[in-house]
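# Structural characterization, general
Okay, here's what each chain looks like letter by letter:
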Amino acid sequence: MLILNQRQQELLDMVKRESYVSVEKLADHFSVTRQTIRRDIALLAEHQLLQRYHGGASVLSSVENVAYQARQVLCIEEKRRIAACVARHIPDNASLFINLGTTTEEVAKALHRHRGLRVITNNLHVAEQMCDYPDCEVIVLGGSLRKRDRGLTGEATVQMIRQFRVDYGIIGVSSIESDGTLRDYDYREVRTTEAIIQQSRQVFLAADHSKFDRPALVELGRLSQIAALFTDKPVPPAIAHVMQEAGTQLHVAE
C-alpha cells in the first residue's frame, strides 16, 4: 500500500492546481534536489496519480480516473476526517443512499455506531462493511459489476434506485469546477449518482480538496443540488461564491 509523505502529497496537490509543473520549479519550491523530485514523480506516476513527462509532471487525463488502489490511500487522513464530520450530521434511524468512491467508503466506516440505519448502495465495499453493524439493514442495488472497484452501475441500477426515496444521499465526485459543476469519469456511474440525487431528500457531498477544479469528462450535476459539502480545506473563492448563492452549507473537517 502506497503511503505518501508530506512532500509527495503537496507535490501532487501542486500539479493538480497548475496542470503542469517542471522538475526545476518543484525542486526550488521544496528546496530539494531535482533527483529527489524525479524519484517522487516516478513513484506517483507508477501508482497512476499523475502523468510523468520529460522535465516535469502533469495531471492525468480528463477521461480516466486514478486507479482504485491508489485512491484508497490518496488523502486518506483527510477522507477519514471528512467521513467523521458527515457521520455527525446523520441521525440514527435514517435511510441513506451511499454511492461509489473511496470517500463514501470511509463514511460507511464512520457510521458504525449508528443505530436503525437503512442503507441502499451500489458499492459492494460499503455493503460488506455495513452488513455486520447492529440494527442496520443493507440493500444492495442490482446492475453490472465493475471489477476494478466492486461498483454496480447500469440501467438496472438506475431503475432500482428510482424505487426508493431516502432521507440522505451520500455521494462522492471526481471534480468540482469553479462554476459549481460536478463531474466524474464514467458515464454509467454518473447516471446512477444523478438518480441518487433525484431520489434523496437531502444530498451530502463528501469530497477532499484534491477534487477542486480537477479535470473530469462527464457532467454529473450542480452544487445547487447539494444540501451540504463536506471537505477538508476551505474551498476556493469562486466555489464559495457559488455555494453562497445556492444556499449549500459548507463543513470543513480541518
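For every chain, the first residue of the written sequence is number 1, and numbering continues from 1 along that sequence. Since the coordinates come from a predicted model, pLDDT governs what is reported: local features require at least 70, and pairs of side-chain atoms require 80 or more to be given and counted, while whole-chain, interface and lining totals use all residues. Note that water and hydrogens are dropped before the side-chain values are worked out from all heavy atoms of the structure.

## Things to note about the sheet that holds strand β11 (residues 181-184)
By definition, two strands form a pair when at least two bridges between them are found by DSSP. The numbering of helices and of strands both runs from the N terminus, where a helix is a DSSP run of H or I of at least 4 residues and a strand a run of E of at least 2. Spatial strand order, β10-β11-β13: 3 strands in an open sheet with antiparallel pairing. Here the strands that pair on one side only, and so sit at the sheet edges, are β10 (175-176) and β13 (218-222). As paired elements, β10 and β11 share 2 bridges and run antiparallel to each other. In the strand pairing of β11, S175 is matched with R183. The sheet contacts of helix α9 (residues 187-198) involve β11 and β13, and relative to β13 the element is tilted by about 10°. Any two residues having at least one pair of non-hydrogen atoms within 4.5 Å are treated as being in contact. For helices, the fitted line uses only the C-alpha atoms of the stretch in contact; every axis is such a line through C-alpha atoms, and the angle between N-to-C directions lies from 0 to 180 degrees.

## A look at the pairing of strand β12 (residues 200-206)
Classification of residues uses two cut-offs on accessible area relative to the type maximum, computed with a 1.4 Å probe and protein chains only: under 20% is buried, over 50% is exposed, and between them is partly exposed. Of all 7 residues making up β12, 5 are buried, and the element is well covered by its neighbours. Alignment of strand β9 (residues 166-171) against β12, held across 5 bridges, turns out to be parallel. Across the sheet, residue I171 finds its bridge partner in β12, namely L205. Where β12 lies against strand β14 (residues 228-231), 3 bridges are found, and the strand directions are parallel. Residue pairing across strands places F204 opposite A228, the latter belonging to β14.

## What about helix α6 (residues 102-110)?
Within α6, 7 of the 9 residues are buried, leaving the element largely enclosed by the surrounding structure. Looking only at α6, the buried set comprises T102, T103, T104, E105, E106, V107 and A108.

## Some points on the packing of aromatic side chains
Stacked, tilted and edge-to-face pairs are distinguished by plane angle, under 30 degrees for stacked and over 60 for edge-to-face with tilted covering the rest, among Phe, Tyr and Trp rings (Trp via its six-membered ring) whose centres lie within 6.5 Å. Under the definition given, this model contains 2 aromatic pairs. Considering the side-chain rings of Y168 and F204, the 5.2 Å spacing of their centres and the 50° angle between planes classify their relative orientation as tilted. Taken as a pair, Y168 in strand β9 and F204 in strand β12 lie far apart in primary sequence, 36 residues in all. The exposure class assigned to Y168 is buried, which follows from its relative accessible area of 12%. Classification of F204 by relative accessible area gives buried; the value is 5%. Between F204 and F230, the ring centres sit 5.1 Å apart and the planes meet at 55°, which makes this aromatic pair tilted. Here the residue F204 occupies a position in strand β12, and F230 occupies one in strand β14, the gap between them amounting to 26 residues. Here F204 and F230 have matching classes, each one buried. A network of ring pairs unites the aromatic residues Y168, F204 and F230 as a single cluster.

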